[in-house]
Amino acid sequence: MPLHRIYHTPGQFSTEDKKGLANAITELYTTNPHGPHLPPFYVVVLFVPVEEENFFVGGKNTKNFVRISIQHIARSFETHDIAKGYIQLYENALAPFIKEKGFDWEIDIEQIDRNLWRTNGLIPPLSNSDAEKEWVRFNKAVPY
Amino acid sequence: MPLHRIYHTPGQFSTEDKKGLANAITELYTTNPHGPHLPPFYVVVLFVPVEEENFFVGGKNTKNFVRISIQHIARSFETHDIAKGYIQLYENALAPFIKEKGFDWEIDIEQIDRNLWRTNGLIPPLSNSDAEKEWVRFNKAVPY
Amino acid sequence: MPLHRIYHTPGQFSTEDKKGLANAITELYTTNPHGPHLPPFYVVVLFVPVEEENFFVGGKNTKNFVRISIQHIARSFETHDIAKGYIQLYENALAPFIKEKGFDWEIDIEQIDRNLWRTNGLIPPLSNSDAEKEWVRFNKAVPY
């Protein structure tokens, strides 16, 4: 958690762009003062290249679109207002790599029951617990 | 919204098949009189080729199966009966490209909270609102 | 149902590993006495290779991580305790192919409404119904 699958066409992102975008997303969940301060290794970002002939928007092939499918597990939004604020931060993180390059894009967040989640076979510690803080400190799933 | 990820093996669909299937799906959400008349650009269809040695059904490699994973966001089904009718239309759209080719297939629809969705950074307009009709007319996410 | 998408880097799994892991997962849903005894063809396992430069964990490229995204449709867990027991079986099935190879990994299960699911265009039979047992026996979606 969180899992970000970024569907794009080959060539939309350079190696440096990918590093930059993955970092901007990761910081939002870890070091950002308004974020949830998760252990960094919780944040998984996958770039999935889809050939233009396999990528359809409105029935037409495109090489200009980025579709990001996000799963949240470790935290659920408590209110729609909180969600709105967080999504705005997320959009700001994306902007230099997507909006400012002239691409179109779409994102959605799906929320998964944290009881149906394991990392390295362990039940992840409760939100904001001391054990979770240990996982942040070690950046690793350690028995607790 | 909707997002259709079509997992298949290489060679199951020609370029023409892909265009045809993406169009049949797109029309269902846009021009079909029984559909939701969404802006066309809402409909994202991704063909994801998976090599036969990576594609297992019942523990066996196959090159004959199509697995479609669908997300609905802009609309949720109000009743199971409405869902049933709509899925039948969807199956009819798939048939010439899948059933009639002798493939096996499976589909599922997952429904996502529209509050956790953005397109080009904007909160999409409410279902059937005047603003949504503008997005249909322009086929574009315009400020409203 | 179930759908298992296994995101990994190229080279983490040999062809034999992939067969072994797909079989271990499939048995859990079919022949395992503690499992749900589903028709084998319900179990779809897709290995999705993601290049190291596209696979980020904690903002860093990795070739050592396996991310498994699971969908359950035919059955929902009735209690968290039942889920816990089942996930432990699942982790045991993964272990020889992932933990014992020294990889890190993460799994999550998302539960989908079975009313929004079709296989070969048919509404799958109810859990544990006679019709479902026929589907097990034939390992095929047959009209009922």
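Up top you'll find the structure we're talking about.
In this text, all values refer to a predicted model and were calculated from it rather than measured experimentally.

Asker: Residue-level account of the overall build of chain A, with values.
Answerer: From N to C terminus, chain A includes three helices and seven strands. Taken from the N to the C terminus, the helices and strands of chain A come in the order β-α-β-β-β-β-α-β-β-α. With respect to the principal axes defined by its C-alpha atoms, chain A has extents near 50 × 30 × 25 Å. Contacts spanning at least 24 positions in sequence make up 70% of the contacts within chain A whose residues lie at least 6 apart. Within the structure as shown, chain A displays about 6,000 Å² of accessible surface, and the carbon and sulfur contribution to it stands at 52%. Looking at chain A, you have 15 positive and 18 negative side-chain charges, and the mean spots of the two groups are 3 Å apart.

Asker: If you had to explain the side chain of Arg114 of chain C to someone new, which residues and values would you point to?
Answerer: Residue and element names in this part refer to chain C. On the secondary structure map, Arg114 appears in the loop between β6 (104-111) and β7 (117-119). Buried and without a salt bridge, Arg114 has Glu132 as its closest oppositely charged side chain, separated by 4.3 Å. In this view, Arg114 contacts Ile73, Ala74, Arg75, Pro124, Pro125, Leu126, Ser127 and Glu132; residues no more than four positions away in its chain are not counted.

Asker: An account of the interface of chain A and chain C is needed here, citing residue identities and associated values.
Answerer: Each partner contributes residues to the interface: chain A has 32 residues there, and chain C has 28 residues. Overall, the association of chain A and chain C removes approximately 2,500 Å² of surface from exposure, summing both partners, and the carbon and sulfur fraction of that is 52%. The three residues of chain A that bury the most area against chain C are Leu116, Arg118 and Asn120 of chain A, which together make up 27% of that side's buried surface. The tally of links from chain A across to chain C stands at one salt bridge. The partner of Lys18 of chain A in a salt bridge is Glu53 of chain C, with the nearest N and O atoms 2.9 Å apart. At the junction of chain A with chain C, the criterion picks out 17 residue pairs in polar contact (both at pLDDT 80 or more). Looking at the side of chain A that touches chain C, the elements that each hand over two or more residues are β1 (3-8), α1 (15-29), β2 (44-49) and β7 (117-119) of chain A. In this sheet, strand β3 (residues 55-57) of chain C lies alongside β2 of chain A in antiparallel orientation, the contact comprising three bridges. Following the sheet pairing, Val45 of chain A is matched in β3 of chain C by Phe56 of chain C.

Asker: Help me get a handle on helix α2 (residues 80-94) of chain C, residues and values and all.
Answerer: Taking 1.5 Å per residue, 15 residues should reach 21 Å; α2 of chain C reaches 21 Å between its end C-alpha atoms and fits that length. Buried within α2 of chain C we find Ala83, Tyr86, Ile87, Tyr90, Glu91, Ala93 and Leu94 of chain C. Along the long axis of α2 of chain C, the arc covered by the buried residues comes to 150°, so they all point the same way. Looking at the buried residues of α2 of chain C, the elements they touch are β7 of chain A together with β1 (3-8), α1 (15-29), β5 (65-72) and β6 of chain C.

Asker: Can you tell me about the relation of the copies chain B and chain C, naming the residues and giving the values?
Answerer: In the superposition of chain B on chain C (RMSD 0.0 Å, axial shift 0.0 Å), the rotation amounts to 120°. Expressed as a symmetry operation, the mapping of one chain copy onto the other fits a three-fold axis. In this assembly the copies use different faces: only 11% of the residues contributing to the interface of chain B also contribute to that of chain C.

Asker: Mind laying out the nonpolar core, listing which residues take part and the relevant values?
Answerer: Among the nonpolar cores identified, the biggest contains 142 residues, and Ile98 of chain A, Ile98 of chain B together with Ile98 of chain C are the most heavily contacted of them. Setting aside anything within four residues of it in sequence, one finds Ile98 of chain C in contact with Phe13, Leu21, Val66, Ile68, Phe103 and Trp105 of chain C.

Asker: I'd like to hear about the sheet that holds strand β2 (residues 44-49) of chain B, residue by residue, with values.
Answerer: If you trace the seven strands from one edge of the open sheet to the other, you get β4(A)-β3(A)-β2(B)-β1(B)-β5(B)-β6(B)-β7(C), paired in mixed fashion. Both edges of this open sheet fall to β4 (60-61) of chain A together with β7 of chain C, since each of them pairs with a single strand only. Pairing of strand β1 (residues 3-8) of chain B with strand β5 (residues 65-72) of chain B involves five bridges; the strand directions are antiparallel. Residue Ile6 of chain B lies in a different strand from β5 of chain B, and its bridge partner there is Ile68 of chain B. Of the strands in this sheet, β1, β5 and β6 (104-111) of chain B together with β7 of chain C are in contact with helix α2 (residues 80-94) of chain B, which crosses β6 of chain B at around 140°.

Asker: Tell me about the sheet that holds β5 of chain C, and please be specific about residues and values.
Answerer: If you trace the seven strands from one edge of the open sheet to the other, you get β7(A)-β6(C)-β5(C)-β1(C)-β2(C)-β3(B)-β4(B), paired in mixed fashion. With one partner strand each, in any of the chains shown, β7 of chain A together with β4 (60-61) of chain B form the two edges of the open sheet. Inspection of the sheet shows β1 of chain C paired to strand β2 (residues 44-49) of chain C by six bridges, in the parallel sense. Looking at the pairing, Tyr7 of chain C lines up with Val48 of chain C of β2 of chain C. Packed on one face of the sheet, α1 of chain C meets β3 (55-57) and β4 of chain B together with β1, β2 and β5 of chain C and runs near 150° to β2 of chain C. With respect to the sheet, α2 of chain C is in contact with β7 of chain A together with β1, β5 and β6 of chain C, its orientation differing from that of β6 of chain C by roughly 140°.

Thresholds, definitions, all that
- Residues numbered from 1 in each chain as written.
- Chains lettered and ligands numbered in written order.
- Predicted model: local features only at pLDDT ≥ 70, side-chain atom pairs only at ≥ 80, totals over all residues.
- Heavy atoms only, no water.
- Helix = DSSP H or I, 4+ residues; strand = E, 2+ residues; numbered from the N terminus.
- Contact = heavy atoms within 4.5 Å.
- Areas by Shrake-Rupley, 256 points an atom, 1.4 Å probe, with all protein chains shown as cover.
- Lys, Arg positive; Asp, Glu negative; His and termini not counted.
- Charge placed at Lys NZ, Arg CZ, Asp CG, Glu CD.
- Buried < 20%, exposed > 50% of the residue type's maximum accessible area, 1.4 Å probe, protein only.
- Salt bridge = Lys/Arg side-chain N within 4 Å of Asp/Glu carboxyl O.
- Buried area = accessible area lost by both parts, 1.4 Å probe.
- Polar contact = N/O pair within 3.5 Å; in protein donor to acceptor, adjacent residues only side chain to side chain.
- Pairing = 2+ DSSP bridges.
- Expected span 1.5 Å × (residues − 1).
- Arc of directions from axis to C-beta.
- Least-squares fit on C-alpha atoms with pLDDT ≥ 70 in both.
- Core = buried A, V, L, I, M, F, W, Y, C linked by side-chain atoms within 4.5 Å.
- Axes fitted to C-alpha atoms, helices over the stretch in contact; angles between N-to-C directions.

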